[in-house]
Amino acid sequence: MLKEVRDCRVCEAVLPLGPRPVVVASTEARLMIIGQAPGTRVHATGIPWNDPSGDRLRLWLQLGREQFYEDPRIAIMPMGFCYPGKGKSGDLPPRAECAPLWHERLLNMMPNIELVLLIGQYAQAYYLNDDHKTLAERVQAYSQPQRMPGERYLPLPHPSPRNRRWLSQNPWFESQTVPLLQERIANLLF
């Protein structure tokens, strides 16, 4: 299945850097991280979250690079598997073809997934059918201490340096939600 994903050429004609699907999956996976789409650095290396956003995400999860990339219990699947190109204020949104084409098939091959981190608006819009109007409302609602331990889906803000403003306006996220997240990850992987 991973070879089939990596050989995908559905969007080839519209990808500025060509296709290079980036995904990490294992039948042993217990944690699924669903982000947006690879940036140029990730496209160049083929390593997901291999950028400052990934550094912050690993800090939030209290996972070192080695475990993050080598632990078969951690799967990583973006909404768009290839770099979508540059827009006016950053990268373009993930290509819409990837998630309907690949997500369900890949998730079906990973029956042990207990926690799915939905990072950013595209993953949250695709997987959550809720009525929260803002990212802050959504993250707060899903990360309550009484709800988080059993929740399958956990929405998170994107850990991009571009989100410094959101993080500074919502200090509760790093002071309250991140410790709960770290506890959940520790219970899941250690």
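Nothing here was measured: the structure is a model prediction, and the numbers come from that model. (Residues numbered from 1 in each chain as written. Predicted model: local features only at pLDDT ≥ 70, side-chain atom pairs only at ≥ 80, totals over all residues. Heavy atoms only, no water.)

Here we come to the sheet that holds strand β1 (residues 31–34). Overall, parallel pairing links the four strands, which are arranged β2-β1-β5-β6 in an open sheet. Edge strands, defined here as strands with exactly one partner in the open sheet, are β2 (74–76) and β6 (153–156). Mean inter-strand twist for the sheet, computed between neighbouring axes without regard to direction, equals 20°. Note: strand β5 (residues 115–119) against β6, four bridges, orientation parallel. (Pairing = 2+ DSSP bridges. Helix = DSSP H or I, 4+ residues; strand = E, 2+ residues; numbered from the N terminus. Axes fitted to C-alpha atoms, helices over the stretch in contact; angles between N-to-C directions.)

Our next topic: the packing of aromatic side chains. As enumerated under the stated definition, the model contains seven aromatic pairs in all. Geometrically, the ring pair formed by Trp60 and Phe173 is edge-to-face, given 4.9 Å between the ring centres and 70° between the ring planes. Note that Trp60 is positioned in helix α3 (residues 52–61) and Phe173 in helix α9 (residues 172–189), a separation of 113 residues in sequence. Given a relative accessible area of 2%, Trp60 falls into the buried group. Aromatic pair Tyr127 and Tyr153: ring centres 5.7 Å apart, planes at 40°, arrangement tilted. Of this pair, Tyr127 sits in helix α6 (residues 121–127) while Tyr153 sits in strand β6; the two residues are 26 residues apart in sequence, bridging distant segments of the chain. Under the relative-accessibility criterion, Tyr127 is labelled buried at 17%. What makes Tyr153 partly exposed here is its relative accessible area of 22%. Feature note: the residues Trp60, Trp166, Trp172 and Phe173 constitute an aromatic cluster, connected by ring pairs. (Phe/Tyr/Trp six-rings, centres within 6.5 Å; stacked < 30°, edge-to-face > 60°. Buried < 20%, exposed > 50% of the residue type's maximum accessible area, 1.4 Å probe, protein only.)

The next point concerns the environment of Leu115. By the secondary structure assignment, Leu115 is in strand β5. In this structure, Leu115 is in contact with Arg30, Leu31, Met32, Glu151, Arg152, Leu154, Arg184, Ile185 and Leu188, ignoring residues within four places of it in sequence. (Contact = heavy atoms within 4.5 Å.)

Moving on, we come to the pairing of β1. Alternating positions in β1 separate into two faces, Leu31 and Ile33 on one and Met32 and Ile34 on the other, with burial throughout. The pairing of β1 with β2 spans three bridges and is parallel. The partner of Leu31 across the bridge, within β2, is Ile74. With four bridges joining them, β1 and β5 adopt parallel strand pairing.

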